[in-house]
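# Chain and residue survey
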Amino acid sequence: MTLQQTRRLQSLLLGTLAWAIAILIFFPIFWMVLTSFKTEIDAFATPPQFIFAPTLENYLHINERSNYFSFAWNSVVISFSATALCLLIAVPAAYSMAFYETQRTKGTLLWMLSTKMLPPVGVLMPIYLLAKQFGLLDTRIALIIIYTLINLPIVVWMIYTYFKDIPRDILEAARLDGATLWQEMVRVLLPIAKGGLASTVLLSLILCWNEAFWSLNLTSSKAAPLTALIASYSSPEGLFWAKLSAVSTLACAPILIFGWISQKQLVRGLSFGAVK
């Protein structure tokens, strides 16, 4: 076998493996969407049916039972606000740690990351009591603050990593040209790191969008996001798989579409770092 044939075979095997992994990852999403168009009887059928008469009754039931757009709007406001607040805090923090590193920088970063190891249920009671004391129960502000705090360590770490890849010479040249600190960050640093920032923003949005623990414990109706809507379809009588699949599809659709549109920036940021 020649070298060219060997490379073709390796490329074919890698391509087949990649497709197999992609199918394995996306099959649950495909099955969820498929089940959402089934009746409850078809959803429980054994063996599972791939050929069935599709119906929209599950989506109609969701529209009649609850205001989907109200839950979706809460998810949008909370996720984007928490992400914006994360960036507002993380960019200056990562900048100072990346370009003005001290002996305590690594320890601070490790301490921030260690906070992610704390089980959320361990701080549920004090946070619930604080939210109740300040009148923040069932409000978007409470979830925005909580989501910002729980995602901030990851956001700081990611932005810090991208900033570390930026040569200091670029910033020093800007300073020699008379750039202020604000101009250095806005006109030099952020444009160079836009690929990394885009991937960080998308990851933060996904984490905020999918967060369920705090939304279920701190909201009831007014500020409840889509994760709370999904949980409402779990009842003591059991799970209604078709309706649960329909509401899950509606909850996943916006963030999946946004991720698909932003995939270029995501891949660029994760693959090549901040400098391209």
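These lines cover the structure that appears in this document, whether it is placed above or below. Predicted, not measured: the structure shown is a model, and the values here were computed from it. (Residues numbered from 1 in each chain as written. Predicted model: local features only at pLDDT ≥ 70, side-chain atom pairs only at ≥ 80, totals over all residues. Heavy atoms only, no water.)

### Here's the deal with the overall build of the protein chain
Definition in use: Helix and strand assignments follow DSSP, with helices taken as H or I runs no shorter than four residues and strands as E runs no shorter than two, numbered in order from the N terminus. The rule is simple: take the accessible area with a 1.4 Å probe, protein chains only, and divide by the maximum for that residue type; under 20% is buried, over 50% is exposed, in between is partly exposed. In this analysis, two residues are considered to be in contact whenever any of their non-hydrogen atoms come within 4.5 Å of each other. For every accessible area listed, the method is Shrake-Rupley and the probe measures 1.4 Å; residues are considered covered only by the protein chains on display.
For the protein chain, the count of helices and strands is 14 helices and 2 strands. When burial is assessed residue by residue, the protein chain has 36% of its 276 residues classed as buried. Looking at the protein chain alone, contacts between residues at least 24 apart form 77% of all its contacts between residues at least 6 apart. Accessible surface for the protein chain amounts to roughly 16,800 Å². Of this, 70% is attributable to carbon and sulfur atoms.

### Re helix H13 (residues 241-261)
To be explicit about the condition: In this scheme, a helix's expected span is set at 1.5 Å multiplied by one less than its residue total. To obtain the bend at a residue, axes are fitted to the seven residues ending there and to the seven starting there, and the angle between these axes is taken.
For H13, built from 21 residues, the straight-helix expectation of 30 Å at 1.5 Å per residue is met to within 8% by its first-to-last C-alpha distance of 29 Å. The largest bend along H13 measures about 35° and falls at Ala 253, with the proline Pro 254 one to four residues further on. For H13, every residue scored as buried is listed here: Ala 242, Lys 243, Leu 244, Ser 245, Ala 246, Val 247, Ser 248, Thr 249, Ala 251, Ile 255 and Gly 259.

### Here we look at empty space enclosed by the protein
Stated precisely, the cut-off is as follows: Using only the protein atoms, space was sampled on a 1 Å grid; points where a 1.4 Å probe fits but cannot get out form cavities, open sets with protein on both sides within 12 Å along at least five of seven lines form pockets, and lining residues are those with an atom within 4 Å of a point. Grid points are joined across faces, edges and corners, and a volume is the space filled by probe spheres set on the points. Residue type decides the class: Asp, Glu, Lys and Arg count as charged, Ala, Val, Leu, Ile, Met, Phe, Trp, Tyr, Cys and Pro as nonpolar, and the leftover types, Gly among them, as polar.
This structure, assessed with the given rule, holds 1 cavity of 30 Å³ or more. In this structure, the largest cavity is lined by Ser 75, Ile 78, Ser 79, Tyr 147, Cys 208, Trp 209, Glu 211, Pro 225 and Thr 227. Those elements that place two or more of their residues in the lining of the largest cavity are helix H4 (68-99) and helix H10 (194-210). Residue classes in the lining of the largest cavity are distributed as 5 nonpolar, 3 polar and 1 charged.

### Focus on the environment of Ala 179
Note on placement: Ala 179 falls in the loop between helix H8 (168-176) and helix H9 (181-192). For Ala 179, a relative accessible area of 24% corresponds to the partly exposed category. Along the chain, Ala 179 and Leu 216 lie 37 residues apart, while their C-alpha atoms are 47 Å from each other. Those residues in contact with Ala 179, other than ones at most four positions away along the chain, are Ala 174 and Glu 184.

### Things to note about the nonpolar core
For clarity, the cut-off: We call a set of buried residues a nonpolar core when its members are Ala, Val, Leu, Ile, Met, Phe, Trp, Tyr or Cys and they connect through side-chain atoms within 4.5 Å of each other.
Core analysis: the largest hydrophobic core is formed by 24 residues, its most contacted members being Tyr 95, Phe 99, Val 156, Ile 159, Phe 163 and Leu 189. Where this core is concerned, the elements lending two or more residues are H4, helix H5 (105-114), helix H7 (140-164), H8 and H9. The element best represented in this core is H4, accounting for 8 residues. Apart from the residues within four sequence positions on either side, Phe 99 is in contact with Phe 163, Ile 166, Arg 168, Leu 171 and Leu 189. Formed by 17 residues, the second largest nonpolar core is a distinct cluster that contains Ile 62, Tyr 68, Leu 229 and Ile 255.

### Details of the pattern of salt bridges
The test is simple: For this document, the term salt bridge refers to a Lys or Arg side-chain nitrogen within 4 Å of an Asp or Glu carboxyl oxygen.
Here the structure, examined in full by the defined rule, presents 4 salt bridges. For Glu 101, the salt bridge identified is with Lys 164, shortest N-O distance 3.1 Å. Here Glu 101, found in the loop between H4 and H5, pairs with Lys 164, found in helix H7; they are 63 residues apart in sequence, far enough to count as distant. Overall, Lys 164 belongs to the partly exposed group, its relative accessible area being 37%. When salt bridges that share partners are traced, they join Glu 101, Lys 106 and Lys 164 into one network.

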